[in-house]
Every structure is written in C-alpha cells, then in structure tokens.
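Listed below, chain by chain, are the residues.
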Amino acid sequence: MTSQAPNGLYAEVQHFYARQMQMMDRRAFEAFAETFTEDGEFSHSPGQLACTRPGIVAELEDFHKRLYNGPVVRRHWFNMIVVDPQEDGSFLATFYAYVINTRPGAEPQMGPVCLVTDVLVRVDGELLNKSRQVRQDRLLLDS
Amino acid sequence: MTSQAPNGLYAEVQHFYARQMQMMDRRAFEAFAETFTEDGEFSHSPGQLACTRPGIVAELEDFHKRLYNGPVVRRHWFNMIVVDPQEDGSFLATFYAYVINTRPGAEPQMGPVCLVTDVLVRVDGELLNKSRQVRQDRLLLDS
Amino acid sequence: MTSQAPNGLYAEVQHFYARQMQMMDRRAFEAFAETFTEDGEFSHSPGQLACTRPGIVAELEDFHKRLYNGPVVRRHWFNMIVVDPQEDGSFLATFYAYVINTRPGAEPQMGPVCLVTDVLVRVDGELLNKSRQVRQDRLLLDS
C-alpha cells in the first residue's frame, strides 16, 4: 500500500483545485498560471505541452479563442482525487475530471471525461503544480 | 491571495453541505431550513428571496409542488468549493452545483449548472447558512 | 442531531473512496476486494449479494464480462458523503454515486444515479468496507 497523504493535506489539495479551476473558468488565465511553478508544465492534449507561466497563459488564450469564442460558461469538476507523497517531497495527484459547458438555449453539455495526473510541490508554504497531464478517456480507447 | 480556510474547516464545510442537501433531496424541508440561521436568506432564482426558516420551508414546499409534483428523485451535487474567511468571522463559500433528476423510464437528467454563493456563520459551535444565492449559468449568458 | 465525524476522518473517507474506486475502474478487482473486510458484503443490485473477498472478485469479473465486455472506460464518481459514527465503533457512510461510461465514437454517458450505504470499520488502523449497498434511484421510483 502506498503511504497515505495526511488528511490535512488532502483537504488542502481539494481546496487548491477548487480555487485554481474557478480561476480557469472565469478566464483569469494569469492567476491560473500562477498556481504553477515558474517552470511548470501543462499538457491537456496529446502532443501539446505548454511550459512556464507565460507559456501556459498563451496556450489557454489561444485554446479558448479557437474553441470557446462564443457565449459559453465552462465549469471544471474534479473528483476522486488520490494523493501519493513521493520520495522527493512532491505529491502525485491522480483524479477524474470533466467540464460542463452551458451555451444559450441548450442543455448543459458534459465534455470528455479525463484522467488527470499532477505533480504538486510546496513552494514557500503554498501548493503549486509542477506539472499537469490531462488524458481524455476516449483517447485511451484508441490505444 | 485570500487567507486560507484551515483544512479542518474545509472538510467540515463539505460535510455540512452533504448532510444539508441529503435533507433537501429527501424533502425534509424543515430539517433543511434549520441549517440556516433564524433570519437566513435563500434565493434560488432571480427576483425570488425566501427569508427566515418558516419562509424557506414555505418556498421549498411551493417550489416542489409546482415543479416536482410527479415521481422524481432529485440529487444535488456540490463541488469545487472555495471557502474564504471574512473579516466579520463569517465564511464566504463559492462553489459549483447541479441537480440530477431521475424520472420513471428515462435517463437521469442533469439540471442547470449553477454557481452558488453562501455566507456561513458559526452559531453555538455549528455551521449555519446565513444566506445562499444560487445563480444558473444559463442566466449568466443573458446578462 | 447525529454526532459529527471528526474532520480528519472525513478527508480520510473521501481519500479511501477515491483510491478504492480508481482500483475498480482500472479493473483491479482483487485490490478492490481487499478494501473490504474478509467477510465483507457487497450488493449493487436488488437480490444480488457478494460475500467475502473472493466472492466480490468473482461477482465483479462476471458483471464486467456480461455488461462491459467491449471497449469502454468506466469512471465512478462519489459525492455528498455523510459519515455517521455508530455506537459499535463502525461508521455509516451515505452518499451519492454515478458512473460515467466512455465508449468509442460516442459522448460520455452517465449511468444510473445511486444512493450508496456503506458500513466502514477500522482494521489495523486502516479503513475497510464491512458492507456496501448500492440502490439505483430509478428503482426507488418503482417502490
């Protein structure tokens, strides 16, 4: 059995994600990027990798311009979070995620379900993402 | 950065919401109303505001009679909860919510996705809602 | 009012479920069964009851062979967990659950919404399921 994360840490990780993704959903991309380390890495699609905070902001601005340009409210839901302390002092977090998009005159639509793998580190007392990899379940089926 | 809620409080808020909404979903409206302060305020729709525990019970009974009179099981899901301690000792909680309705012979249907803003206070050691405002994402689009 | 579970326990239960159900979803049925006591009981359908760890493994293998034989990624989501300490030292956990299934070329599909009732016990310091009963909301409508 993997060593357990302390329960205080578990709530802290949940809270960190809630705050982080509310920033994403109101398109506060710079604030979102600040939840990553300076050299943070963020991959949401195969073959795509955004590095550093400015790189993450640029990627998110481009992504939303291309795919979510019209009137839409996006909400990221994370759940079933497993947190495993690593030997180097970082934490490996593995969890489920989806987005629910609300557009005018339509029912809310659930986007692809994803498995997310984060490496979290503590910098000056605060949790930060060192990396995030998002893998869509539908792409798992093709492999 | 806003000051962090202690991790113990975070779990307490999650647990409070789970218990509160299970009461709502089994239509224990008086028990639900007791999770609000005596002068509590509850708004689930623009222009609607229920005040005091008896007022909240009356609103919920009326709401369910009008909209959920037939056979239906309702389940409220809350997630991505951010808790910010306020200077007056209260807590501002901001989170995502939806309802999933199950009706005979149909797939479960997700109701509108909402952003909920609560003011929580501690009375005699227990958390209570001083107020709740529910805003549907689809109404954000019209503004 | 029922006595409250301590906040540390609440996070521990959430974490236990996340780890347990990630095992289920990657079809690590033996590891899943080890999250139950030796004499554990698991009922996911009316009239069905799997007992002991080998019995649970056999039931899950059979269930997946019959219903999820083709290419599908399954993800269990648990939420709105209420944990009530019992007089015998066990914990009664009551919560909402659904599965989201992703199949090739289709939108993710939410399975039936369920109310789950667990009895959890602590064995050698670790939480384990003594029993789990899953009840689908759509079956509540028929009763």
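Since we're looking at a predicted model, the values are computed, not measured.

Asks: Help me get a handle on the interface of chain A and chain B, residues and values and all.
Replies: Counting from both sides, the interface comprises 28 residues of chain A and, opposite them, 31 residues of chain B. Across the interface of chain A and chain B, roughly 2400 Å² is buried in total on both sides, 60% from carbon and sulfur atoms. For the pair chain A and chain B, the interface holds two salt bridges. Residue Arg75 of chain A pairs with Asp137 of chain B through a salt bridge whose shortest N-O separation is 2.8 Å. Joining chain A to chain B, the criterion identifies nine residue pairs in polar contact (both at pLDDT 80 or more). Of all the secondary-structure elements, those providing two or more residues to the side of chain A that touches chain B are α1 (7-25), β3 (73-85) and β4 (91-102) of chain A. Of the residues belonging to the side of chain A that touches chain B, the class tally is 14 nonpolar, seven polar and seven charged.

Asks: I'd like to hear about helix α3 (residues 53-67) of chain A, residue by residue, with values.
Replies: Residues three or four positions apart in an α-helix share a direction because the helix packs 3.6 residues into each turn. Residue and element names in this part refer to chain A. The terminal C-alpha atoms of α3 lie 21 Å apart, and with 15 residues this matches the ideal 21 Å at 1.5 Å per residue to within 8%. Residues Ile56, Val57, Glu59, Leu60, Phe63 and His64 constitute the buried set of α3. Each buried residue of α3 sits inside an arc of 165 degrees when the element is viewed along its axis, so together they form one side. Along α3, the residues that are exposed and aim more than 90 degrees away from the buried face are Pro54, Lys65 and Arg66. Of the surrounding secondary structure, the elements contacted by the buried residues of α3 are α1, α2 (29-33), β1 (36-43), β2 (50-51) and β3.

Asks: Describe the side chain of Gln22 of chain C, with residues and values.
Replies: By the element assignment, Gln22 of chain C lies in helix α1 (residues 7-25). Judged by its relative accessible area of 9%, Gln22 of chain C falls in the buried class. Side-chain polar atoms of Gln22 of chain C contact the backbone oxygen of Met80 of chain A, separated by 2.9 Å. Apart from residues lying up to four places away in sequence, Gln22 of chain C is in contact with Met80, Val82, Thr94, Phe95 and Tyr96 of chain A.

Asks: Requested: an account of the environment of His44 of chain A, with residues and values cited.
Replies: Residues and elements named next belong to chain A. By the element assignment, His44 lies in the loop between β1 and β2. Its relative accessible area of 14% is what places His44 among the buried residues. The contacts of His44, once residues within four sequence positions are left out, are Glu59, Phe63 and Val134. Side-chain polar atoms of His44 contact the side chain of Glu59, separated by 2.7 Å.

Asks: Residue-level account of the relation of the copies chain A and chain B, with values.
Replies: Of the two same-sequence chains, chain A is brought onto chain B (RMSD 0.0 Å, axial shift 0.0 Å) by a rotation of 120 degrees. The relationship between the two copies is best expressed as a three-fold rotation axis.

Asks: Run through the packing of helix α1 (residues 7-25) of chain B against α1 of chain C, naming residues and quoting values.
Replies: The geometry of α1 of chain B relative to α1 of chain C is characterised by a closest axis approach of 8 Å and an angle of 70 degrees between their N-to-C directions. The orientation of α1 of chain B with respect to α1 of chain C, classified from their angle, is roughly perpendicular. Contacts between α1 of chain B and α1 of chain C pair Gly8, Ala11, Glu12, Gln14, His15 and Ala18 of chain B from the former with Asn7, Tyr10 and Gln14 of chain C from the latter. Of the residues in the contact of α1 of chain B with α1 of chain C, the class split is three nonpolar, five polar and one charged.

Asks: Explain empty space enclosed by the protein to me, using residue names and the numbers behind them.
Replies: Throughout the structure, instances matching the rule amount to one cavity of 30 Å³ or more. Contributing to the lining of the largest cavity are 22 residues, with Gln14 and Asn79 of chain A, Gln14 of chain B together with Gln14 and Asn79 of chain C lying nearest its centre. Elements supplying a minimum of two residues to the lining of the largest cavity: α1 and β3 of chain A, α1 and β3 (73-85) of chain B together with α1 and β3 (73-85) of chain C. In terms of residue class, the lining of the largest cavity is built from 16 nonpolar, six polar and no charged.

Asks: Break down the interface of chain C and chain B for me, citing the residues and quoting the values.
Replies: Counting from both sides, the interface comprises 31 residues of chain C and, opposite them, 28 residues of chain B. For the pair chain C and chain B, the summed buried area comes to about 2400 Å², and 61% of that belongs to carbon and sulfur atoms. Taken as a group, Met80, Tyr96 and Leu141 of chain C account for 28% of the area that chain C buries against chain B, more than any other trio of residues on that side. Linking chain C with chain B are two salt bridges. Linking chain C with chain B are nine residue pairs in polar contact (both at pLDDT 80 or more), by the criterion used here. Elements with a contribution of two residues or more to the side of chain C that touches chain B: α1, β3, β4 (91-102), β5 (109-110) and α4 (137-142) of chain C. Here the side of chain C that touches chain B takes eight residues from β3 of chain C, the largest share from any one element. Taken together, the residues of the side of chain C that touches chain B sort by class into 19 nonpolar, nine polar and three charged.

Asks: With reference to specific residues and values, describe the pairing of strand β4 (residues 91-102) of chain B.
Replies: All names here are of chain B. Counting buried positions along β4 yields 11 of 12 residues, so the element is predominantly enclosed. Bridge count between β3 and β4: 11 bridges; the pairing is antiparallel. The residue of β4 that forms the bridge with Arg74 is Asn101. Following β3, the chain reverses through five residues before pairing antiparallel with β4; Gly89 in that reversal takes a positive phi of roughly 90 degrees. In terms of strand pairing, β4 meets strand β6 (residues 114-123) through seven bridges, oriented antiparallel. Counterpart to Tyr96 in the pairing with β6 is Leu115. As paired strands, β4 and strand β5 (residues 109-110) are joined by two bridges and run antiparallel to one another. If you follow Asn101 over to β5, its bridge partner there is Gln109. Counting the residues that bridge the hairpin from β4 to β5 gives six residues, and of these Gly105 lies at a positive phi of roughly 70 degrees.

Asks: Kindly report on the pattern of salt bridges, identifying the contributing residues and their values.
Replies: Where charged atoms from two side chains of opposite charge come close, those side chains can pair. Taken as a whole, this structure holds 21 salt bridges over all chains when the rule is applied. A salt bridge links Arg19 of chain B to Asp84 of chain C; the shortest N-O distance between them is 3.0 Å. Of this pair, Arg19 of chain B sits in helix α1 while Asp84 of chain C sits in strand β3, placing the two residues on different chains. For the pair shown, Arg19 of chain B and Asp84 of chain C are each scored as buried. The shortest N-O distance in the salt bridge between Asp118 of chain B and Arg132 of chain B comes to 2.8 Å. One end of the pair, Asp118 of chain B, is in strand β6; the other, Arg132 of chain B, is in strand β7 (residues 126-136), and 14 residues separate them in sequence. Take Asp118 of chain B and Arg132 of chain B: they sit in the same class, and that class is buried.

About the thresholds
Residues numbered from 1 in each chain as written. Chains lettered and ligands numbered in written order. Predicted model: local features only at pLDDT ≥ 70, side-chain atom pairs only at ≥ 80, totals over all residues. Heavy atoms only, no water. Contact = heavy atoms within 4.5 Å. Buried area = accessible area lost by both parts, 1.4 Å probe. Salt bridge = Lys/Arg side-chain N within 4 Å of Asp/Glu carboxyl O. Polar contact = N/O pair within 3.5 Å; in protein donor to acceptor, adjacent residues only side chain to side chain. Helix = DSSP H or I, 4+ residues; strand = E, 2+ residues; numbered from the N terminus. Nonpolar A, V, L, I, M, F, W, Y, C, P; charged D, E, K, R; others polar. Expected span 1.5 Å × (residues − 1). Buried < 20%, exposed > 50% of the residue type's maximum accessible area, 1.4 Å probe, protein only. Arc of directions from axis to C-beta. Least-squares fit on C-alpha atoms with pLDDT ≥ 70 in both. Axes fitted to C-alpha atoms, helices over the stretch in contact; angles between N-to-C directions. Parallel < 35°, antiparallel > 145°, perpendicular 65-115°, else oblique. 1 Å grid on protein atoms, 1.4 Å probe; cavity = no way out; pocket = protein on both sides within 12 Å on 5 of 7 lines; lining within 4 Å. Points joined across faces, edges and corners; volume = space filled by probe spheres on them. Pairing = 2+ DSSP bridges.

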